[in-house]
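Listed below are the residues making up each chain.
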Amino acid sequence: MIIKPKTRGFICTTAHPEGCRQNVKEQINYIKSKEPIKGPKKVLVIGSSTGYGLASRITAAFGCGADTIGVFFEKPAEEKRTATAGWYNMAAFEEEAKKAGLYSKSINGDAFSDEIKEKTIELIKKDWGKVDLIIYSLAAPRRTHPKTGEVFNSVIKPIGQPYTNKTVNFHNGEVSEITVDPATEDEIRQTVAVMGGEDWEMWIEALKTAGVLAEGAITVAFSYIGPELTHAVYKNGTIGKAKEHLEASSKNITKLLKDIGGKAYISVNKALVTQSSSAIPVVPLYISLLFKIMKEKGIHEGCIEQLYRLFAERLYADTLLLDEEGRIRLDDFEMREDVQNEVARLWSTVNTENIEETTDIKGYREDFFKLFGFGLPGINYDEECNEKVDIPSLI
Ligand code: NAD
């Protein structure tokens, strides 16, 4: 099949296996170029196929030499359809891990279900006995509750009043004003049920009950705060409510893990182009401005740089730096006053005419297509390639 990008709004419905492989290899090479990390040896990553979860799995394996199990929800190629990018990423990861002599197994299915939790626990019992670190990196549009069967849908909306601000169509650079209506009480409840911490707590409870958590086991979930500019649609909106719930869950989990000396952390990460963040109104324009400024200042990072810092300079450093709320902050460079002052200054001037010079929309677009394996150097996208790729150790 000759594979070209096909976009529908903020999603790309095709993915390129060779491009995804190269993307994974680039991240592995970055980690290999850094000092090895004295970190965990058995790592479970829930949501390991793209974005922050993929970078977590790569850092654990190639930075710490850890055995990894990845859980994700991706689709293999079918008649005339490519697999999803996450599928190709996991196939490439497993191949590289195998070459490096690292244990890696993958479970594809609904992480919110009891069935996938049981399957994962069985695998840990059989192959490892215990797990040292659990990264929880799910970003999902919906969740079926494993006990009640209720289906929840998450929405990204403000709370209380409508929110109007600039946004950009990153494909054609058109800047326009968007008004997002406030969420109903039920939409808030449903978003919290999908993106809050209930499922994270369920995972850790299930792992603990099964006796597969090592002494001192830790677990980390990711959050975002961002500047005033995006607060209405993020921090103070439906997703922010879900993140508050996630933070409350981290405290519950820490209590649960007290007797084994374990702990749960929230890591507040940087805004980056991932499949999830491109769906949020206003945020792509903010990210395009942010990237321009952070690149100019030499402090730009992608998922893999963030994850290396999480492991090497936070979780497994001699002292763990936390903010006053007890959170890990990897958004420290993004939130620097000089960076945010510059974003705010440029925000008022940016429009369709000056978008290419004022922002790094070009970098945004490149990062977006790269998520699906497109635009990588050295790949001939006019050439036939085999879209049917197996994940070697899929359970
Ligand atoms: P992403 O879309 O790149 O990755 C989501 C992962 O979840 C994928 O591996 C996908 O397969 C998996 N997944 C989704 N539904 C699933 C299901 N039902 N069962 C099993 N796996 C499932 O997302 P991301 O941007 O890396 O987000 C991960 C976390 O990081 C989220 O909590 C997000 O809020 C947070 N975060 C993201 C940003 C950002 O800018 N992207 C910034 C800070 C924090």
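Up top is the structure.
Here the structure is a predicted model, which is why all the values come from computation and not from measurement.

Draft legend 1. Up close: the pairing of strand β5 (residues 104–108). As defined by bridge partners, strand β4 (residues 67–72) adjoins β5 across 5 bridges and the pair is classed as parallel. Bridge pairing links threonine 68 to serine 104 in β5. With helix α3 (residues 85–99) bridging β4 and its parallel neighbour β5, the resulting β-α-β unit is right-handed.

Draft legend 2. Layout of the pattern of salt bridges. Taken as a whole and judged by the stated rule, the model has 32 salt bridges. With a shortest N-O distance of 3.3 Å, arginine 21 and glutamate 18 are connected by a salt bridge. Here glutamate 18 and arginine 21 lie together in helix α1 (residues 17–32), a separation of 3 residues that amounts to about one turn. Note on arginine 21: relative accessible area 22%, which makes it partly exposed. Notably, a salt bridge pairs arginine 57 with glutamate 94, separated by 3.7 Å at the nearest N-O pair.

Draft legend 3. Quick peek at helix α9 (residues 283–296). Between its terminal C-alpha atoms α9 stretches 20 Å, which fits the 20 Å expected from 14 residues at 1.5 Å a residue. Taking burial as the measure, the 14 residues of α9 include 11 buried ones, the bulk of the element. Within α9, the full set of buried residues consists of Val283, Pro284, Leu285, Tyr286, Ile287, Ser288, Leu289, Leu290, Phe291, Ile293 and Met294. As for α9, its buried residues are in contact with β9 (163–169), β10 (174–180), α7 (228–231), α11 (337–347), α12 (355–358) and α13 (361–371). A positive backbone phi angle near 75° is found at glycine 298, which sits one or two residues after α9.

Draft legend 4. A look at the packing of aromatic side chains. For the structure shown, the criterion picks out 11 aromatic pairs. Between tyrosine 224 and tyrosine 234, the aromatic rings sit 5.0 Å apart at their centres with planes inclined by 85°, giving edge-to-face as the arrangement. Residue tyrosine 224 is located in the loop between β11 (213–223) and α7, and its partner tyrosine 234 is located in the loop between α7 and α8 (238–256); the two are separated by 10 residues in the primary sequence. Judged by its relative accessible area of 11%, tyrosine 224 is buried. Aromatic side chains phenylalanine 368 and phenylalanine 369 sit 5.3 Å apart centroid to centroid with 85° between the ring planes, which places their arrangement in the edge-to-face category. The exposure class assigned to phenylalanine 368 is buried, which follows from its relative accessible area of 0%. By the ring-pair criterion, three or more aromatic residues cluster together here, those being Phe170, Tyr364, Phe368, Phe369 and Phe372. We note arginine 309 situated over the ring of phenylalanine 333; from NZ or CZ to the ring centre the distance is 4.1 Å.

Calculation rules
Residues numbered from 1 in each chain as written. Predicted model: local features only at pLDDT ≥ 70, side-chain atom pairs only at ≥ 80, totals over all residues. Heavy atoms only, no water. Pairing = 2+ DSSP bridges. Helix = DSSP H or I, 4+ residues; strand = E, 2+ residues; numbered from the N terminus. Right-handed = clockwise from strand over helix to strand, strands pointing away. Salt bridge = Lys/Arg side-chain N within 4 Å of Asp/Glu carboxyl O. Buried < 20%, exposed > 50% of the residue type's maximum accessible area, 1.4 Å probe, protein only. Expected span 1.5 Å × (residues − 1). Contact = heavy atoms within 4.5 Å. Phe/Tyr/Trp six-rings, centres within 6.5 Å; stacked < 30°, edge-to-face > 60°. Lys NZ or Arg CZ within 6 Å of the ring centre and 35° of its normal.

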